[in-house]
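Summary of structural features
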Amino acid sequence: MSVINKLSKETTGMIAAGEVIERPVNVVKELIENSLDAGSERITVTIEKGGKRLICIEDDGSGIPVLELEAAADNFSTSKISGIDDITRVETLGFRGEALASIRAVSRLSILSRTADDHAARKVSWEGLERIDDRPAAREKGTTVTVRDLFFNLPARKKFLSSDSAETRRIAALVRRMSISFPSTSIRLLSDGNKIISYSGSSEEERVEAVLGQGNFRSMNRVEFASGDLRVKGYVSSPEISRGNRSMQHFFVNRRYVRDKVIGFALRRAYETIIPSDRYPLAILFLELPHHMVDINVHPTKSRVKFREEREVHQLIYNAVRDAAGGEKTVSFQKKVESVYRSIFPEGEKGLSQTQEAGKESDLSFRQNELDIRETDWMARESPRSLLNEKPEISRSAELYWQLHDSYIFIQIRNGLVIIDQHAAHERILYDRAKQNMEGKPPSVQSLLFPATIELSVEEYNNFEEFSDILPKMGFEAEPFGMRTIIVRGIPSGVKNWGEGSLMRDILGETGGRGYETDEMLKSYACNSAIRAGEKLTFREMESLVDQLFATEYPFTCPHGRPTMLRISRRELDSRFNRK
């Protein structure tokens, strides 16, 4: 039996730090929250090497009393709460008393601070858990926290950090998000001597426009809705403006940025009948509610919350966004079907119910059959050559290829049937082509008849600059056109969903960096560029798609690992129809 040991103070400090500090962006978040809680009007964030070498936060807030400066970096030391009852009514961004202690445990930390009542500032420095300096210093009211050599005493964790540029992008995205809910605070971000972000104190509307970009902001509709103790305000995009990911969605609960499924699902529901299912609206939503109705203590980094009345929150968000986005103007497909059915059958309520019940039985039977096929006949279990040998000969006719629901390609082979998911298949083709371009094969470019000018958000433009050497290899001919605007003259051949520039925004909206993260960018490009489910294809287009798919190295899955096809054998079909 193992002996139970009491862990040392150093070990417990490291464990606690690991829950709060995973990478440089977590340090920046905790320190900015402290600055905002201190009532700062100006905050400057300075980083070097993505925050790995240096993170420095300077503010003009209320400061830390010099006699309390050392205690501020101890575990569970805070001025935000004094007892357990305070946790349910906390009104500050930070309150646990773990942030500075966790940062101290994994870095070389120094805190310089002064309040309005102090005669002089004081500076205290630590190396890990050991205090190495304590002396008077010169400073105006406010606090400067300097973090050097993050994870210097945890080299294993340091190895898991991303590239400097990737860590910088994470920090920049965080600073922009946090600045949205505190528009009156001026905030700057400097990285390796370069100014990345500079927002002056402004109104909420001006700050949102600065973060999203003027072009995006022009497409936003104002949200304002209240119900009882709940209130939501903010901005959501009109239905014609959307993205291929959620990077332009920002949620705040009592001014705290959160990632919340309840708000996200309500937003998605409000748009489900007015934008495609694979698109996401732009949104900045501020939810305000009494502090006792939300628990912000369910996650170490306080990035997730739990609502006491989730149903009420969901309904509030849904109603507010639906009205702002114009959801009432649309009628779902199901309602249209029911309306037509009732016009044909006067006693439609009863008839519809019976039809639905019969449909359920049929659907259940079909799903079971489908499951059996999936378990026994995935194409991935066969070699490419075995299927190629069964493909129709050159003399094949259009009758050998047909399309179901404008989404699936059916192909007759000698010993059965192959069903291909046209979107997944095209994803694989485009991804493989892009990978070959990355390895040196010249891209095939399709010149645009009319070059497109696209206004990007700050984050999208930063990614455009970051990937300026990769985009041409993929086949994009694009260059800066001034003030976060780019001009695109050519796109990769074979792209089906250029969307007047929406494809470029979707790709650049993905965060990433070199190496593995570049591969994620190629996956995003392939997914957003590919033929979509619901697109009608001609026989020649289906034939070309199948030929190109089987020419790829891994034709049986898309880049995300989803199957591109399945095969149903003649024997399986005979069995289903009880044929001997």
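Above: the structure in question.
Before going into details, it helps to say that this report is about the structure given with it.

Criteria and thresholds
- Residues numbered from 1 in each chain as written.
- Predicted model: local features only at pLDDT ≥ 70, side-chain atom pairs only at ≥ 80, totals over all residues.
- Heavy atoms only, no water.
- Pairing = 2+ DSSP bridges.
- Helix = DSSP H or I, 4+ residues; strand = E, 2+ residues; numbered from the N terminus.
- Axes fitted to C-alpha atoms, helices over the stretch in contact; angles between N-to-C directions.
- Contact = heavy atoms within 4.5 Å.
- Buried < 20%, exposed > 50% of the residue type's maximum accessible area, 1.4 Å probe, protein only.
- Arc of directions from axis to C-beta.
- Phe/Tyr/Trp six-rings, centres within 6.5 Å; stacked < 30°, edge-to-face > 60°.
- Lys NZ or Arg CZ within 6 Å of the ring centre and 35° of its normal.

Once that is clear, we can look at the pairing of strand 9 (residues 220-227). Pairing geometry for strand 9 and strand 10 (residues 230-237), over 8 bridges, is antiparallel. Counted as the bridge partner of Ser227 is Leu230 from strand 10. In textbook terms, the turn of a hairpin is the stretch between consecutive antiparallel strands, and for strand 9 and strand 10 this stretch comprises 2 residues, one of which, Gly228, has a positive phi near 60 degrees.

Turning to the sheet that holds strand 22 (residues 565-569), a few remarks are in order. On the basis of which strands lie adjacent, the open sheet formed by 4 strands has the order 16-17-18-22 and antiparallel pairing. The open sheet has two edge strands with one neighbour each: strand 16 (401-404) and strand 22. Between one strand axis and the next, the sheet turns through 25 degrees on average, direction left out of account. Pairing geometry for strand 18 (residues 416-421) and strand 22, over 5 bridges, is antiparallel. Within the sheet, the bridge partner assigned to Ile419 lies in strand 22 and is Leu566. The strands that helix 13 (residues 422-438) touches are strand 16, strand 17 (408-413) and strand 18; relative to strand 18, the one it contacts most, it runs at about 70 degrees.

Every buried residue belonging to helix 6 (residues 204-212) is among Glu204, Arg207, Val208, Val211 and Leu212, and all of these are buried. Within helix 6, the buried residues cover an arc of 120 degrees as seen down the axis, which keeps them to one side. Phi turns positive, to about 100 degrees, at Gly213, one or two residues after helix 6.

A few words on the sheet that holds strand 20 (residues 477-480). Read across the open sheet, the 3 strands follow the order 19-21-20; overall the sheet is antiparallel. The sheet is open, and its two borders are formed by strand 19 (445-455) and strand 20, each paired with just one other strand. Sheet twist, expressed as the average angle between the axes of neighbouring strands with direction ignored, equals 15 degrees. Here strand 19 pairs with strand 21 (residues 485-492) via 7 bridges, running antiparallel. Counted as the bridge partner of Ala452 is Val488 from strand 21. Helix 14 (residues 458-466) contacts strand 20 and strand 21 of the sheet and is inclined by roughly 115 degrees relative to strand 20.

For the coordinates displayed, the defined rule picks out 7 aromatic pairs. Between the aromatic rings of Phe217 and Tyr235, the centroid separation amounts to 5.5 Å while the plane-to-plane angle is 55 degrees, which identifies the pairing as tilted. Residue Phe217 is found in helix 7 (residues 214-218), and its partner Tyr235 is found in strand 10; the two are separated by 18 residues along the sequence. We note that Phe217, like Tyr235, is buried. Measuring from ring centre to ring centre gives 6.0 Å for Phe476 and Tyr525, while their planes differ by 80 degrees; the resulting arrangement is edge-to-face. Remark: Tyr525 occurs in helix 17 (residues 516-529) and Phe476 occurs in the loop between helix 15 (471-474) and strand 20; sequence separation between them is 49 residues. Residue Phe476 shares its accessibility class with Tyr525, and that shared class is buried. An aromatic cluster is present here, built from Phe252, Tyr257 and Phe286 joined pairwise through their rings. If you follow Arg108 out to its NZ or CZ, it ends over the ring of Phe152, 4.1 Å from the centre.

In this section: helix 14. Among the 9 residues of helix 14, 7 are classified as buried, and the element is accordingly described as predominantly covered. For helix 14, the complete set of buried residues consists of Val458, Glu459, Glu460, Tyr461, Asn463, Phe464 and Glu466.

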